Amino acid sequence: MAEDEPVYHRVCSLDDLWAGEMQACTVEGTQILVVHTDSGEVRAIQAMCPHQRVALADGTLEGNVLTCSAHLWEVDVVTGKGVNPHHADVAHYPSRVDGNDVFVAVAGVKPKYSVP
C-alpha cells in the first residue's frame, strides 16, 4: 500500500444499514455518521452538526439532505456541502463498499464547525 493511500476500517455491513438509514460509529477515536441514501450511495460524514455540535444521527434524512434536529440546519450527505445555510459544510470521510461491507477512512480529515 502506498504511504499516502487511506487506511480503511470496516464499520458495518449493508445488512445493518438499509437505504434511507444512518448509523453513528467511532473509527480510530473519530465519531462519524454513515449514511445509506435512498439512491444507494453510502457516505460517511462527521457525526456532529457544525452549528452547535448536536448529534446528526438524531436528524432526519430525506433523499440526500440531512436535517439537524436542533435548529434544522441542512447538509447534503453526498457532497458534505451545506444546503441551508450554505456555510453548513461537514467533513466528508472517504468510504467504500466491498461486497456487503462498508469501510471508512478517517486519517487526516477534521470535523468542520461554524464559528461560535
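That block above? That's the structure.
The sections below set out a description of the structure shown in this document. The shown structure was predicted, so the numbers you read here are calculated from the model rather than taken from an experiment. (Residues numbered from 1 in each chain as written. Predicted model: local features only at pLDDT ≥ 70, side-chain atom pairs only at ≥ 80, totals over all residues. Heavy atoms only, no water.)

1. Regarding the pattern of salt bridges
- Enumeration over the complete set of coordinates arrives at 2 salt bridges.
- Between Glu-41 and Arg-43 there is a salt bridge; the shortest N-O distance is 2.7 Å. (Salt bridge = Lys/Arg side-chain N within 4 Å of Asp/Glu carboxyl O.)

2. Thoughts on the side chain of Gln-46
- Inspection of the secondary structure assignment puts Gln-46 in strand E4 (residues 42-46).
- Look at Gln-46 and you get buried, because its relative accessible area is 1%.
- A polar side-chain atom of Gln-46 sits 2.8 Å from the main-chain carbonyl oxygen of Met-48.
- When residues no more than four places from it in sequence are discounted, the contact partners of Gln-46 are Gln-31, Ile-32, Leu-33, Leu-56, Val-90, Ala-91, Tyr-93, Pro-111, Lys-112 and Tyr-113. (Helix = DSSP H or I, 4+ residues; strand = E, 2+ residues; numbered from the N terminus. Buried < 20%, exposed > 50% of the residue type's maximum accessible area, 1.4 Å probe, protein only. Polar contact = N/O pair within 3.5 Å; in protein donor to acceptor, adjacent residues only side chain to side chain. Contact = heavy atoms within 4.5 Å.)

3. Notes on the sheet that holds strand E2 (residues 21-27)
- Ordered by their spatial adjacency, 4 strands build an open sheet running E2-E3-E4-E9, and the pairing between neighbours is antiparallel. Where the open sheet ends on each side, the last strands, each with one partner, are E2 and strand E9 (92-93).
- The pairing of E2 with strand E3 (residues 30-36) spans 7 bridges and is classified as antiparallel. Across the sheet, Thr-26 pairs through a bridge with Gln-31, a residue of E3. (Pairing = 2+ DSSP bridges.)

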